[in-house]
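A look at the structure
Listed below, chain by chain, are the residues.
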Amino acid sequence: MENTLDIKKIYLSHFADFEHSLNGGKSHPIHQLRKSAISNFSELQFPTTKEEEWKYTNISPLLKHSFEPAKRIFKDTEIKVNHYLFDKMEHSLIVFVNGFYSKELSKIKDLPRGVIIKSLADAIKEDHPIVNQHLGKYADFKNHIFTSLSSAFVQDGAFIYVPDGKVVEDPIHILFLTFAGKNKIFIQPRNLFVAGKNSQSAIIEHFASLAKDDIYFSNSVTEIVTEENAFLDHIKLQEESVQAFHIGRMDVHQERNSNFVSHLISFGADISRNDFNSRFNGEGGESMLNGLFLVEGNQLFDAHTLIDHAKPHCNSHEHYKGILTDSSRGVFNGKVIVRKDAQKTNAFQENNNIILSDNALVNTKPQLEIFADDVKCSHGATIGQLDNDAMFYLKSRGIGDDKAKAILIHAFASDVVRYIKVNPVRDYIEGILKSKFHEDQ
Amino acid sequence: MLLEIKNLHANIEGKEILKGINLKVNIGEVHAIMGPNGSGKSTLAQVLAGREEYEVTKGEIIYNEKNLLELSPEDRAREGVFLAFQYPVEIPGVSNTNLLKTALNEIRKYQGQPELDAMEFLSLIKSKMKLVELDQTLVSRSVNEGFSGGEKKRNEIFQMAVLEPKLAVLDETDSGLDIDALRIVANGVNKLKSEKNAIVVVTHYQRLLNYIVPDFVHVLYKGKIVRSGDKSLALELEEKGYDWIKAPSDSVEVA
Ligand SMILES: Nc1ncnc2c1ncn2[C@@H]1O[C@H](COP(=O)(O)OP(=O)(O)OP(=O)(O)O)[C@@H](O)[C@H]1O
Ligand SMILES: [Mg+2]
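Residues numbered from 1 in each chain as written. Chains lettered and ligands numbered in written order. Predicted model: local features only at pLDDT ≥ 70, side-chain atom pairs only at ≥ 80, totals over all residues. Heavy atoms only, no water.

1. Examining the overall build of chain A
Which entries qualify depends on this criterion: Starting at the N terminus, helices and strands are each numbered in turn, a helix being any DSSP run of H or I of at least four residues and a strand any DSSP run of E of at least two. Radius of gyration here uses only the C-alpha atoms, and the compact-globule reference equals 2.2 Å multiplied by the residue count raised to the power 0.38. Whether a residue is buried, partly exposed or exposed follows from its accessible area with a 1.4 Å probe, protein chains only, as a fraction of its type maximum: under 20%, in between, or over 50%, in that order. Contacts: residue pairs with any heavy atoms within 4.5 Å of one another. Accessible surface area values rest on a Shrake-Rupley calculation with a 1.4 Å probe, where residue burial reflects the displayed protein chains alone. Charged-residue counts in this description rest on Lys and Arg as positive and Asp and Glu as negative, His and the chain ends being excluded. Charge coordinates come from a single atom per side chain, which is NZ of Lys, CZ of Arg, CG of Asp or CD of Glu.
Summing up its helical and strand segments, chain A has nine helices and 21 strands in all. Compactness check: chain A gives a C-alpha radius of gyration of 21 Å against a globular reference of 22 Å for 441 residues, within 12% of the reference. By its C-alpha atoms, chain A is 70 × 50 × 50 Å across when sized along the principal axes. Taken across its 441 residues, chain A has 59% of its residues classed as buried. Here the contacts in chain A between residues at least 6 apart in sequence split such that 84% fall between residues at least 24 apart. With an accessible surface of roughly 18,000 Å², chain A has 47% of that area assigned to carbon and sulfur atoms. Averaging the positions of the 50 positive and the 58 negative side-chain charges in chain A gives two centres separated by 2 Å.

Dropping the structure here:
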């Protein structure tokens, strides 16, 4: 057991080692980002439940471990990734093992001219102008200790660039596999997706652990830019170990008329915190946020979303659902800001939760801050049990208690899952749901 | 005998609703239960199906030589009890076909029969759809979601057709139906009626009984069956209302 102060010192000393290992990398412009991030990190404290943004999420269990930076595993070809792939899907696959790009396991398809799918480490090495232009610009780390940590350790992750007017037909599957074993490691995937004007693409960020109960810390930051009239479909699928800590952040910067769809499907970790921030930076933007989380045991899932309607005529549609059993906890905090000039905004938000045991708990909080007058905004939140009438109806048809529950839970979940347009991913998730509820037995 | 209810008393939220019901139903028979609003008809139907909210305080129900009250709702269904709900429940996200396939296979498993595969199931429901003139789009939609009142009632009979119960209790399946829909529902029920099952229809209206002709008619009032007769009783009720039955039994209660 260490106290928070010591934990900070440990991360700082890991940074010193990391910096030392960079050699020539220190002269790279990105290194400025690292340096200001680490100095910011050293000023900040890890949050406690006294802070409004962390009121219901106590991260002290995370701070009890001293995690080591993950090392590259060289025999990664022995790792079987098939289990994590989506059936019958033509796609580009980019695999990271413990945060490091694995060329051997990845399989990038022939891509339209100019489209880039590669390791961020390589892109940094090449001094890619798009990376220099965008990396670190959206995920502000000033008051965020975990983002500071991520930015200080920027090293690898996925870099995807779809130039203006390009359509990437096949989904891009990014697989972050963690193979921690007995080593308590931390991995910090850092992603940058830039969708050019009039482009179209679908990206899947998939977090998985080789073992169900390894202890590790995954701190990921994804920055996304959708240029004018771009269409980007994003799916984040989280299948971490039940003992892992997952702190994930996503910042989306939406230009005029762009359309961004986000699906977050999470089976949790020990503690998983997902921050989603999006900003409409031009008129006519559309965004849809779909979320589904299922937690059990002592898992804690936390989603904090912020949609910033900075410009008029934008629509956001947010729907998060939670299913909780045992002594699990859920937190949903959905903030929508409609700025003074953002007239004709439509913002819809809904959070529904089903609690399947007496000891599970959800804290849900919608936060609408509206400064414009000609807007349509609505929000709603529900926390409840399975519908008794529906349960009795199913049982009265001969369906047993467990199966009736499974059917109703699955129906509740499908309400989110059915919006996933990438069919093989939807099937994969349906498969997990089915096996979770033993519906097929 | 298929069903024997003896001196059944039942409460909901501490309030006694059924106050000593006695009823015998033989296989091959059709019984009609009539009675004013709030007299306990749906309560009786729900107790038969096993709704936990109702507490049986006295009496017993023997069904097919078994103590029905000891069976879970699902086991009752698997033993051949079917309730067509007065107010069928909407279940968003669960398709009718999924519900029926699961239900049918659970029942078959319980009865030691092999499960139906997808093809066999599809051809079965196709033939049953015709019986109640339901079209495919309705059948593949979520259970009762957005259905009209008449569609919901037809859907109940469609489920009955697929599950082929031994004892079907139809709770006001005719209420709110126009005459065409009534005819469809009644014809469906008549086709399902056989020497191997029994049907209990709860209704307010004699017109249903023109189509589904009962062997016995019972009047339920204030939680008791206060009169039983043949189909002519229903005609008499149609003509005279309930007051002539209510008055004597009310005075009995006062005395
Ligand atoms: N959940 C409940 N809680 C309290 N009282 C109830 C409940 N359900 C029914 N009752 C009461 O029980 C009595 C009988 O109701 P029931 O629905 O069985 O009548 P019914 O004969 O079917 O009437 P209808 O012809 O209107 O359908 C009524 O007084 C009703 O108010
Ligand atoms: Mg009734």
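2. Quick word on the packing of aromatic side chains
For clarity, the cut-off: Stacked, edge-to-face and tilted labels apply to pairs of Phe, Tyr and Trp rings (six-membered ring for Trp) whose centres lie within 6.5 Å, assigned for plane angles under 30 degrees, over 60, and everything in between, in that order. Cation placement over rings: the criterion is NZ of Lys or CZ of Arg within 6 Å of the ring centroid and within 35° of the ring normal.
Going through the model one piece at a time under the given rule, you end up with 22 aromatic pairs over all chains. The side chain of Arg397(A) reaches across the aromatic face of Tyr393(A), ending 4.7 Å from its centre. Across the ring face of Trp244(B), the terminal group of Lys240(B) is positioned such that the distance to the ring centre comes to 4.4 Å.

3. Let's talk about the coordination of the magnesium ion (ligand 2)
Heads up, the rule is: Shown as donors are all N, O and S atoms within 2.8 Å of a metal ion, widened to 3.2 Å for Na, K and Ca; because water is not in the atom set, sites may appear incomplete.
Looking at the metal site, the magnesium ion (ligand 2) is ligated by Ser42(B) (OG) and Gln86(B) (OE1), spaced 1.9 to 2.2 Å from it. With Ser42(B) in helix α1 (residues 41-49) and Gln86(B) in the loop between β6 (81-84) and β7 (91-95), this residue pair connects regions lying 44 residues apart in the sequence.

4. Points about the site of ligand 1
Residues and elements named next belong to chain B. Formally: Near is defined per residue: the residue qualifies when any heavy atom it owns lies within 4 Å of the molecule or strand. A 3.5 Å cut-off defines polar contacts: any pair of N or O atoms within that distance qualifies, except that in protein one atom must be a possible hydrogen donor and the other a possible acceptor, and neighbouring residues in sequence count only when both atoms are side-chain atoms.
Around ligand 1, the surrounding shell holds 16 residues, and the nearest of these are Gly38, Lys41, Ser42, Thr43 and His204. A distance of 3.0 Å is found between an oxygen atom of ligand 1 and a backbone nitrogen or oxygen belonging to Gly40. One of the side-chain nitrogen or oxygen atoms of Thr43 is found 2.5 Å away from an oxygen atom of ligand 1. Expressed as a share of its isolated accessible area of 640 Å², the protein-covered part of ligand 1 is 68%. Looking at the shell around ligand 1, the elements with two or more residues in it are β2 (15-25) and α1.

5. Topic: the pairing of strand β12 (residues 224-229) of chain B
Within a regular strand, side chains alternate between the sheet's two faces. Residues and elements named next belong to chain B. Quick note on the threshold: By the convention used here, strands pair only if DSSP detects at least 2 bridges between them.
Of the pairings in the sheet, the one linking strand β11 (residues 216-221) to β12 comprises five bridges and is antiparallel in character. Counted as the bridge partner of Val219 is Arg227 from β12. Linking β11 to β12, which pair antiparallel, is a turn of two residues; within it Lys222 sits at a positive phi near 50 degrees.

6. Considerations on the domain arrangement of chain A
Residue and element names in this part refer to chain A. In plain terms, the rule: The start and end points of each domain follow an automatic or database-based domain assignment. Throughout, the accessible surface (probe 1.4 Å) given up by two parts as they are put together, summed over both, is called the buried area. What makes a salt bridge here is a side-chain nitrogen of Lys or Arg within 4 Å of a carboxyl oxygen of Asp or Glu, nothing more. Classification used: nonpolar for Ala, Val, Leu, Ile, Met, Phe, Trp, Tyr, Cys and Pro, charged for Asp, Glu, Lys and Arg, polar for all others including Gly.
Its domain assignment divides chain A into domain 1 (2-282) and domain 2 (402-441). Listed as interface residues are 19 residues of domain 1 and, on the opposing side, 12 residues of domain 2. Roughly 1,200 Å² of surface becomes buried between domain 1 and domain 2 when both sides are summed, with 79% attributable to carbon and sulfur atoms. Of all residues in domain 1, His263, Ile265 and Phe267 bury the most surface against domain 2, accounting for 38% of the area lost on that side. Our enumeration of links across domain 1 and domain 2 arrives at zero salt bridges. In this assembly, domain 1 and domain 2 are joined by one residue pair in polar contact (both at pLDDT 80 or more). Every element with two or more residues in the side of domain 1 that touches domain 2 is listed here: β9 (200-209), β11 (231-239) and β13 (259-266). Counting residues per element, the side of domain 1 that touches domain 2 draws most heavily on β11, at five residues. Here the residues of the side of domain 1 that touches domain 2 sort into 12 nonpolar, three polar and four charged.

7. Remarks on the interface of chain A and chain B
In this complex, chain A contributes 18 residues to the contact, which on the side of chain B involves 32 residues. Buried area between chain A and chain B, both sides added, is near 1,900 Å², and the carbon and sulfur share of it is 63%. The three residues of chain A that bury the most area against chain B are Phe392(A), Tyr393(A) and Arg397(A), which together make up 41% of that side's buried surface. Here chain A is connected to chain B by four salt bridges. The residue Lys403(A) makes a salt bridge to Glu106(B) at a minimum N-O spacing of 3.3 Å. Put simply, the parts of the chain that give the side of chain A that touches chain B at least two residues each are α7 (388-395) and α8 (401-417) of chain A. Broken down by element, the residue count for the side of chain A that touches chain B peaks at seven residues, all from α7(A). For the side of chain A that touches chain B, the residue count by class is eight nonpolar, five polar and five charged.

8. Structural notes on the pairing of β11(A)
Residues and elements named next belong to chain A. For β11, a buried count of eight out of nine residues is recorded, marking the element as mostly surrounded by other parts of the structure. With nine bridges connecting them, β9 and β11 associate as parallel partners. Along β11, the bridge assignment pairs Ala202 with Asp233.

9. Here's the deal with the side chain of Ser258(A)
Residues and elements named next belong to chain A. Looking at the secondary structure, you find Ser258 in the loop between β12 (245-254) and β13. On the basis of relative accessibility, which here comes to 0%, the residue Ser258 falls in the buried class. Among the polar contacts made by the side chain of Ser258, one reaches the side chain of Thr226 at a distance of 3.0 Å. In this view, Ser258 contacts Thr226, Glu227, Asn229, Ala230, Gly284, Gly285 and Glu286; residues no more than four positions away in its chain are not counted.

10. Things to note about the packing of α8(A) against helix α9 (residues 423-436) of chain A
Residue and element names in this part refer to chain A. What counts, and what does not: To get an axis, a line is fitted to the C-alpha atoms, and for a helix only the part in contact is used. The angle between two axes follows their N-to-C directions and goes from 0 to 180 degrees. An angle counts as roughly parallel when it lies under 35 degrees, as roughly antiparallel when it exceeds 145, as roughly perpendicular when it falls between 65 and 115, and as oblique in every other case. Each crossing is labelled by how the near helix is turned from the far one, with a counterclockwise turn of less than a right angle marking it left-handed and a clockwise turn marking it right-handed.
The contact between α8 and α9 brings their axes to 11 Å, and the two run at 165 degrees. The angle between α8 and α9 places the two elements in the roughly antiparallel class. Seen from above, α8 lies across α9 with right-handed handedness. Taking contact as the criterion, the partners of His410, Ala413, Ser414 and Val417 in α8 are, on α9, Arg426, Ile429, Glu430, Leu433 and Lys434.

11. Points about the sheet that holds β11(A)
Residues and elements named next belong to chain A. Spatially, 10 strands are ordered β3-β2-β6-β9-β11-β13-β15-β17-β19-β21 in an open sheet, and the strand pairing comes out mixed. At either end of the open sheet lies a strand with only one pairing partner, and these are β3 (100-107) and β21 (376-384). Strand-to-strand twist in this sheet, taken as the mean axis angle between neighbours without regard to direction, amounts to 10 degrees. Pairing between strand β2 (residues 92-97) and strand β6 (residues 172-178): six bridges, direction parallel. Directly across from Val95, in β6, lies its bridge partner Leu175. Packed onto the sheet, α8 meets β13, β15 (286-295), β17 (315-324) and β19 (346-355) and runs at close to 155 degrees relative to β17.

12. Let's talk about helix α2 (residues 30-43) of chain A
Put simply, the rule reads: Given the number of residues in a helix, its expected span is that number minus one, multiplied by 1.5 Å.
Helix length check: α2(A) (14 residues) gives 21 Å between terminal C-alpha atoms against 20 Å at 1.5 Å per residue, within 8%. Buried within α2(A) are the following residues: Ile30(A), His31(A), Leu33(A), Arg34(A), Ala37(A), Ile38(A), Asn40(A) and Phe41(A).

13. What about the pattern of salt bridges?
Applying the stated criterion across every chain, the model contains 33 salt bridges over all chains. Put simply, Arg273(A) and Asp302(A) hold a salt bridge, and the shortest N to O gap is 2.9 Å. Separated by 29 residues along the polypeptide, Arg273(A) in strand β14 (residues 271-280) and Asp302(A) in strand β16 (residues 300-309) bring together distant segments of the chain. Here the two residues Arg273(A) and Asp302(A) agree in accessibility, since each one is buried. In this structure, the salt-bridge partner of Glu60(B) is Lys6(B), at a minimum N-O distance of 3.4 Å. Placement of the pair is Glu60(B) in strand β4 (residues 54-63) and Lys6(B) in strand β1 (residues 3-12), with a sequence separation of 54 residues. Residue classification places Glu60(B) among the partly exposed residues on the basis of a relative accessible area of 32%. It is possible to trace a salt-bridge network through shared partners that takes in Lys403(A), Asp75(B), Arg78(B), Glu106(B), Lys109(B) and Glu115(B).

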